[in-house]
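Analysis of the macromolecular model
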Amino acid sequence: MKKLSAVFVALLAVGVLSSFAFAVEVPKLNAPFIVTTCGQSPGAVMVHMSAMQSKIAANHDNKLTADKLAAANAKTLIVTSGTSMKGMGAAGTNVESEIARCTELIAEAKKLGMTVIGAHIEGMARRTDNSDAASIEAVMKDADVILAVTDSDSDGFFTKYAQEHNKPLIVVKDALAIGPALKAAE
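Structural notes, computed from the coordinates. For clarity, every value in this text was computed on a predicted model and none was experimentally measured.

1. Some points on the environment of Gly-87
Looking at where Gly-87 falls in the secondary structure, it is placed in helix α4 (residues 85–91). The exposure class of Gly-87 is buried, given its relative accessible area of 19%. Separated by 47 residues in sequence, Gly-87 and Gln-40 have C-alpha atoms that sit 5.0 Å apart.

2. Looking at the sheet that holds strand β1 (residues 33–38)
Pairing is parallel in the open sheet, where six strands are placed in the order β2-β1-β3-β4-β5-β6. Here the strands that pair on one side only, and so sit at the sheet edges, are β2 (58–60) and β6 (169–172). Each adjacent strand pair in this sheet contributes to an overall mean axis angle of 25 degrees, direction not counted. Where β1 lies against strand β3 (residues 76–81), six bridges are found, and the strand directions are parallel.

3. Comments concerning the pattern of salt bridges
Under the definition given, this model contains five salt bridges. A salt bridge links Asp-142 to Lys-141, with the shortest nitrogen-to-oxygen separation between them at 3.0 Å. With its nearest N and O atoms 3.9 Å apart, the salt bridge here joins Glu-164 to Lys-160. Placement of the pair is Glu-164 and Lys-160 together in helix α7 (residues 157–164), with a separation of four residues, close to one helical turn.

4. Focus: α7
Along α7, the residues that are buried comprise Phe-158, Tyr-161 and Ala-162. Taken down its axis, α7 places every buried residue within 95 degrees of arc, on the same side. Looking at the buried side of α7, the elements it contacts are β4 (115–120), α6 (130–140), β5 (145–149) and β6. Taken from the residues just after α7, Asn-166 is the one with a positive phi, measuring 55 degrees.

5. Quick look at the packing of α6 against α7
Orientation of α6 relative to α7, taken along the N-to-C sense of each, is 35 degrees, at an axis distance of 12 Å. The interaxial crossing formed by α6 with α7 has right-handed handedness. When α6 is examined against α7, the residues Ile-136, Glu-137 and Met-140 are found in contact with a partner set consisting of Phe-157, Phe-158 and Tyr-161. Of the residues assigned to the contact of α6 with α7, the class counts are five nonpolar, no polar and one charged.

6. Points about unusual backbone geometry
The omega torsion of the bond from Ala-31 to Pro-32 falls at 5 degrees, within 30 degrees of zero and hence cis. Tracing the backbone through its elements, the reader meets Pro-32 in the loop between α1 (2–21) and β1. A positive phi angle, close to 55 degrees, is found at Gln-40, a residue other than glycine. Looking at where Gln-40 falls in the secondary structure, it is placed in the loop between β1 and α2 (43–53). Since its relative accessible area comes to 11%, Gln-40 is described here as buried. At Asn-166, a residue that is not glycine, the phi angle is positive and equals roughly 55 degrees.

So, how was this worked out
- Numbers given for residues are sequential positions, taken from 1 along each chain in its written order.
- In keeping with the predicted nature of the model, local features appear solely for residues at pLDDT of at least 70, side-chain atom pairs appear and are counted solely at 80 or more, and the whole-chain, interface and lining totals rest on all residues.
- Side-chain metrics in this entry use all non-hydrogen atoms of the structure; hydrogen atoms and water are not considered.
- The helix count covers DSSP runs of H or I at least four residues long, the strand count covers runs of E at least two residues long, and both are numbered beginning at the N terminus.
- Think of it in three bands: with a 1.4 Å probe and only protein chains considered, a residue is buried below 20% of the maximum accessible area for its type, exposed above 50%, and partly exposed in between.
- Only strands that DSSP links by at least two bridges are regarded as paired with each other.
- Here, axes are lines fitted to C-alpha atoms. For helices the fit covers the stretch in contact, and angles between N-to-C directions go from 0 to 180 degrees.
- When a carboxyl oxygen of Asp or Glu lies within 4 Å of a side-chain nitrogen of Lys or Arg, that pair is called a salt bridge.
- Here, the arc refers to the directions that run from the helix axis to the C-beta atoms.
- Working rule for contacts: check all heavy atoms of both residues, and any pair within 4.5 Å makes them a contact.
- Helix crossings fall into two classes, left-handed where the near helix is turned counterclockwise from the far one by less than a right angle and right-handed where it is turned clockwise.
- All amino acids are sorted into three groups, where Ala, Val, Leu, Ile, Met, Phe, Trp, Tyr, Cys and Pro are nonpolar, Asp, Glu, Lys and Arg are charged, and the leftover types, Gly among them, are polar.

As far as function goes, none of this settles anything; it's purely spatial.
Set out below in structure tokens:
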């Protein structure tokens, strides 16, 4: 019985330690932030409002382009993913154009030495189709940090993605918790 208990404790310790092996430390996130969306969904507005409530210097521009990024004077770029067909229609764009804009924007942010946060904060409702999946992949593949709300990661998608790509992950309860999480990482 003692041997069985010792084996169980050893396996438990290995399991706990291996779960930490996948954790990547979140780098210091510097304000001011600039927030945009890849897919014209309201996520960027939600991030901006939560940041402002936490008294974090942040701006929001859903049409931000690479050539205007330097003028934003930001140190951290946050790009929300998940698409809105209604939002893209109203903005006169489509998912392919949004992905091209955000891919160029992220590349420019990296040239400028900015930290890039890929965010998914609107829950599973923005993970329902190929357009959502395409915007998520376009943003997350080049992000330095991944930010998700609990509902967006309810199936462990972002946790697994972060582990597989060795990226730091911030998971918060809901959109209201984003500002405090960003403040804590400053």
